Amino acid sequence: MKNSIVEILGNVTVLKPDQFYEYIAQSIKKKEKKFIVTANPEIVMLGRKNEEMLHILKNKAIVIPDGIGVVKAVNALGRNAVRNTGIEFVVYLLDEANKSNLDVFIYGAKEEVLNDFKEKCTKNWPNIHFSGLYNGYTSNDKDVIKEIKKNTSDIYFVALGTPRQELFINSFYDEIGKGICVGIGGSMDVLSGHVKRAPQFFLTHNLEWLYRITTEPKRMQRFIKGNIMFVFVFIKDMMIKRLKYSHGNETEA
């Protein structure tokens, strides 16, 4: 039996972005560790069929509502979620790292993307110290984990794409003492300048998905599988939950 989307969505934080950022700032200050997942419908759907991802989403990570579909679904369940985009969270972390001279470890993306990202960071956030830089194409996961265990970074960015990046973080998370760990997916491509972010109109109206599939038609199948199906499965799971609740009340009566 597939896992319920409704149950997964129950762990999505409804903290406003500024409240969430303050919470993370305090975690960094206290040298705590946090596992952050920036959730879109595709990630939630993966949790529906992958037990390790389900455990991450329900029990291990702080899940922030990145995709507008996730925001709408959480709100439909009676909670007041506000969109908190992954790329803006990454920029916030870079700002914090620059302000406090933090150590940042990065694993993922192509070598040229990684290098351009570092160059942009050096220009815009000059006080960041990079404690490790490993591309996601020629580096070995086990070797990278060994390096992670040797250092005490404040922030770990993993850009391997979903679900690989979340599963990779999960593989080392229990063995580190501190650090904000987050899968940043395509955020590095955008911040490095290799991928253009959607124009402001699309951002304002939560239509990045439309911009992305019109500029990259190959994403259409992935969009249908992860987003369109999300809507139908969410409605089904919500109806099942309500039927169970209604049946439970009748039984008690």
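Structure shown above.
Before going into details, it helps to say that this report is about the structure given with it.

About the criteria used
Residues numbered from 1 in each chain as written. Predicted model: local features only at pLDDT ≥ 70, side-chain atom pairs only at ≥ 80, totals over all residues. Heavy atoms only, no water. Axes fitted to C-alpha atoms, helices over the stretch in contact; angles between N-to-C directions. Helix = DSSP H or I, 4+ residues; strand = E, 2+ residues; numbered from the N terminus. Parallel < 35°, antiparallel > 145°, perpendicular 65-115°, else oblique. Left-handed = near helix turned anticlockwise from the far one by under 90°. Contact = heavy atoms within 4.5 Å. Nonpolar A, V, L, I, M, F, W, Y, C, P; charged D, E, K, R; others polar. Buried < 20%, exposed > 50% of the residue type's maximum accessible area, 1.4 Å probe, protein only. Phe/Tyr/Trp six-rings, centres within 6.5 Å; stacked < 30°, edge-to-face > 60°. Pairing = 2+ DSSP bridges.

1. Section: the packing of helix α8 (residues 141-150) against helix α9 (residues 164-173)
Running from N to C, α8 and α9 point in directions that differ by 50°, and their axes come no closer than 10 Å. As judged from the angle between their axes, α8 and α9 are oblique. For α8 against α9, the interelement crossing comes out right-handed. Between α8 and α9, the residues in contact are Asp141, Val144, Ile145 and Ile148 and Arg164, Phe168, Ser171 and Phe172, respectively. Its residues assigned to classes, the contact of α8 with α9 shows five nonpolar, one polar and two charged.

2. Observations regarding unusual backbone geometry
Following Thr162, the chain continues into Pro163 via a peptide bond in cis, with omega recorded as 5°. With respect to the helices and strands, Pro163 occurs in the loop between β5 (155-159) and α9. Residues other than glycine seldom take positive phi values, yet Lys31 does so here, at roughly 60°. With respect to the helices and strands, the residue Lys31 is situated in the loop between α2 (17-29) and β1 (33-39). The exposure class of Lys31 is exposed, given its relative accessible area of 53%. Positive phi, normally seen in glycine, also occurs at Ala109, with a value near 70°. By the secondary structure assignment, Ala109 is in the loop between β3 (103-108) and α7 (111-124). The exposure class assigned to Ala109 is buried, which follows from its relative accessible area of 10%.

3. Considering helix α3 (residues 41-49)
With eight of nine residues buried, α3 lies mostly within the body of the structure. Here α3 has its buried residues at Pro41, Glu42, Ile43, Val44, Met45, Leu46, Gly47 and Arg48.

4. Here we look at the packing of aromatic side chains
Enumeration over the complete set of coordinates arrives at twelve aromatic pairs. Here the aromatic rings of Phe105 and Tyr156 are separated by 5.8 Å at their centres, their planes lie at 45°, and the arrangement is tilted. With Phe105 in strand β3 and Tyr156 in strand β5, this residue pair connects regions lying 51 residues apart in the sequence. With respect to burial, Phe105 and Tyr156 carry one shared label: buried.

5. Some thoughts on the pairing of β1
Counting buried residues in β1 gives six out of seven residues, a clear majority hidden from the surface. Here four bridges tie β1 to strand β6 (residues 179-183), and the two strands are oriented parallel to one another. What sits directly across from Lys33, in β6, is Gly179. Examined bridge by bridge, β1 and strand β2 (residues 62-65) share four bridges and lie parallel to one another. Residue pairing in the sheet places Ile36 in a bridge with Ile62 of β2.

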